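Below are the chains, spelled out letter by letter.
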Amino acid sequence: MKVLLVTGSNGLIGSEMVKHFHGLGWKVHGLDNNMRADFFGPQGDTRWNQERLISELPQFTHHEMDIRNRRGVVELLGQIKPHAIIHTAAQPSHDLAASRPYDDFDVNAAGTLNVLEAARGVCPESPIVHLSTNKVYGDAPNRIRLKEMPTRWDYDDKKYWDGIAEDFSVDQSKHSLFGASKLAGDIFVQEYGRYFGMLTCCLRGGCLTGPSHSGVELHGFLSYLVKVGVTGGTYRVFGYKGKQVRDNIHSFDVARFAEEFINSPRSAEVYNIGGGRQNSCSILEAFARVEALIGKPIRWEYVDKAREGDHICYISNLTKLRQHYPKWDLSKSIDDIFTEVVKSWERRAV
């Protein structure tokens, strides 16, 4: 039986990876210490997801461990000797990074190095899939010429009609401290591929979402927007008239790509992974979609100040990813995503 290690296994992408590979017959080990609850309070707690995985998946083992525990990570890899590693553990918030910069860096950059170095010593032949972020490009995407539409911003340069590709600059822009720490981890993952010949890839995600997300205001815009719509409260829109655009990809499709990469790994690759133009929407458009599904208006207010380093319009160009792995494509439409996330929050609200 093949063995997989998933870091951040309680979270949205981590738990999806656990379920997906368990279903493929892998023995899956998860590393998590519910630090999301420390970052975001009770509303960010992921224990419910951890308990669900433990109760439903007989070949899943949870390890209560902090990714910053260098010795612990080495010992765990030595114990389980994984055939592949999927690294999703992260501090994911722009705003929180500014108030807790050491924690942000120690998790996102040093935690990634811990995984890489442990793997180099224990299982250097094992593929490593690293969940990076589109924030490694900083706010440079905002320099692309845009046009304002009734409900969204869009690219006014045909070069970017299909979105932003992997050769877009990561330099000379404002990243937020979160974007900077994730870029450091991203570069380390590439370097362990190039310098040591390990099989690594960085997935620079657009808006990764799905029904297992514990969305909060500081991270997980779509899940949190649905949560507010279903359970009440007021959603705050930060700048750009609510017309800022994200491309949304279901966590299941991210797991499907990880499967493809692990089956046919490459070294030091970078892929922009998101929903592409077909799964893109603005906040205003998201309000309309959710309101149609829940049958009531969402209460929201406008804050006339955008978040630092935030993107006005971001769509992932999936060309390279599809060329390298032609068996992969999006299987979940934007309608599927909204429907599943709404149903998930309705179940949790009971």
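Refer to the structure presented above.
Note that the structure is a prediction, hence the values are computed from the model and not measured. (Residues numbered from 1 in each chain as written. Predicted model: local features only at pLDDT ≥ 70, side-chain atom pairs only at ≥ 80, totals over all residues. Heavy atoms only, no water.)

Details of the overall build of the protein
Stage number 1. For the protein, the count of helices and strands is 12 helices and 14 strands.
Stage number 2. Reported as C-alpha extents along the three principal axes, the dimensions of the protein are approximately 55 × 45 × 40 Å.
Stage number 3. Counting only residues that meet the buried cut, the protein has 60% of its 350 residues in that class.
Stage number 4. Within the protein, counting contacts between residues at least 6 apart in sequence, those at least 24 apart form 84% of the total.
Stage number 5. Carbon and sulfur atoms make up 51% of the accessible area of the protein, which totals about 14100 Å².
Stage number 6. Between the mean site of the 43 positive side-chain charges and the mean site of the 43 negative ones, the protein shows a separation of 1 Å. (Helix = DSSP H or I, 4+ residues; strand = E, 2+ residues; numbered from the N terminus. Buried < 20%, exposed > 50% of the residue type's maximum accessible area, 1.4 Å probe, protein only. Contact = heavy atoms within 4.5 Å. Areas by Shrake-Rupley, 256 points an atom, 1.4 Å probe, with all protein chains shown as cover. Lys, Arg positive; Asp, Glu negative; His and termini not counted. Charge placed at Lys NZ, Arg CZ, Asp CG, Glu CD.)

Digging into the packing of aromatic side chains
Stage number 1. A complete count under the given rule lists 16 aromatic pairs for this structure.
Stage number 2. Centre to centre, the rings of Y137 and F168 are 5.8 Å apart; their planes meet at 90 degrees, and the pair counts as edge-to-face. A residue pair is termed long-range when its members are at least 10 positions apart, and Y137 in the loop between β5 (128-131) and β6 (146-148) and F168 in the loop between β7 (153-155) and α7 (176-196) qualify at 31 residues. Take Y137 and F168: they sit in the same class, and that class is buried.
Stage number 3. On the numbers, 4.9 Å between centres and 55 degrees between planes, the contact of Y192 with F196 is tilted. Of the two residues, Y192 and F196 are both situated in helix α7; the distance of 4 residues between them amounts to about one turn of the helix.
Stage number 4. Pairwise contacts between aromatic rings join Y137, Y155, Y160, F168 and Y314 into one cluster.
Stage number 5. A cation over an aromatic ring shows up here: K320 above the ring of Y271, its NZ or CZ 5.1 Å from the ring centre.
Stage number 6. Looking at R348, its charged tip hangs above the ring of W345, at a distance of 3.8 Å from the centre. (Phe/Tyr/Trp six-rings, centres within 6.5 Å; stacked < 30°, edge-to-face > 60°. Lys NZ or Arg CZ within 6 Å of the ring centre and 35° of its normal.)

A closer look at the side chain of R204
Stage number 1. By the secondary structure assignment, R204 is in strand β8 (residues 200-205).
Stage number 2. Of the polar contacts made by the side chain of R204, one reaches the side chain of D186; its length is 2.9 Å. (Polar contact = N/O pair within 3.5 Å; in protein donor to acceptor, adjacent residues only side chain to side chain.)

Remarks on the packing of helix α6 (residues 101-122) against α7
Stage number 1. In the contact formed by α6 and α7, the axes pass within 8 Å of each other and the chain directions differ by 10 degrees. Here α6 is positioned roughly parallel relative to α7, judged by the angle of their axes. When the axes of α6 and α7 are compared, the crossing they make is right-handed. For the pair formed by α6 and α7, the contact residues are P101, D104, F105, N108, A109, T112, L113, L116, E117 and R120 on the first element and L177, F178, S181, K182, A184, G185, F188, V189, Y192 and F196 on the second.
Stage number 2. Of the residues contributing to the contact of α6 with α7, the split by class is 12 nonpolar, 4 polar and 4 charged. (Axes fitted to C-alpha atoms, helices over the stretch in contact; angles between N-to-C directions. Parallel < 35°, antiparallel > 145°, perpendicular 65-115°, else oblique. Left-handed = near helix turned anticlockwise from the far one by under 90°. Nonpolar A, V, L, I, M, F, W, Y, C, P; charged D, E, K, R; others polar.)

A word on the sheet that holds strand β4 (residues 84-87)
Stage number 1. Overall, parallel pairing links the 7 strands, which are arranged β3-β2-β1-β4-β5-β8-β12 in an open sheet. Two strands close off the open sheet at either side, each with one partner strand: β3 (60-64) and β12 (269-273). Across this sheet, the average inter-strand angle for adjacent strands is 15 degrees, counted without regard to direction.
Stage number 2. In the sheet, β8 pairs with β12 via 5 bridges, with the strands oriented parallel. Within the sheet, the bridge partner assigned to L203 lies in β12 and is Y271.
Stage number 3. Running over the sheet, α6 touches β1 (3-7), β4 and β5 and is turned about 175 degrees from β4.
Stage number 4. α7 rests against β5, β8 and β12 of the sheet, and its axis sits at about 155 degrees to β8. (Pairing = 2+ DSSP bridges.)

Some thoughts on the environment of H175
Stage number 1. Within the fold, H175 resides in the loop between β7 and α7.
Stage number 2. Considering only alpha carbons, one finds H175 and V226, 51 residues apart in sequence, at a separation of 27 Å.
Stage number 3. Discounting residues that sit within four places of it in the chain, H175 has contacts with H94, K135, V136, Y137, G138, V170, A180 and L183.
Stage number 4. Among the polar contacts listed, one links the side chain of H175 to the backbone oxygen of V170, at a separation of 2.9 Å.
Stage number 5. Separated by 3.1 Å, the side chain of H175 and the backbone oxygen of S173 make a polar contact.

Notes on helix α4 (residues 70-80)
Stage number 1. Listed in full, the buried residues belonging to α4 are G72, V73, L76, L77 and I80. With its buried residues spanning 130 degrees around the axis, α4 presents them on a single face. Relative to its buried face, α4 has exposed residues pointing more than 90 degrees away, namely R70, R71, E75 and Q79.
Stage number 2. Its buried side turned inward, α4 meets β1, β2 (27-32), β3, β4 and α6.
Stage number 3. Downstream of α4 by a residue or two, K81 has a phi angle that is positive, lying close to 45 degrees. (Arc of directions from axis to C-beta.)

Points about the nonpolar core
Stage number 1. M17 and I86 are the most contacted members of the largest nonpolar core, which totals 33 residues.
Stage number 2. The dominant element in this core, judged by the number of residues it contributes, is helix α9 (residues 251-263), at 6 residues.
Stage number 3. Look past the residues within four positions of M17 in its chain and what remains in contact with it is L4, V6, I86, L131, V254, A255 and A258.
Stage number 4. Membership of the second largest hydrophobic core comes to 28 residues, among which are L5, M35, V115 and C123. (Core = buried A, V, L, I, M, F, W, Y, C linked by side-chain atoms within 4.5 Å.)

Nothing here speaks to function; it is all geometry.
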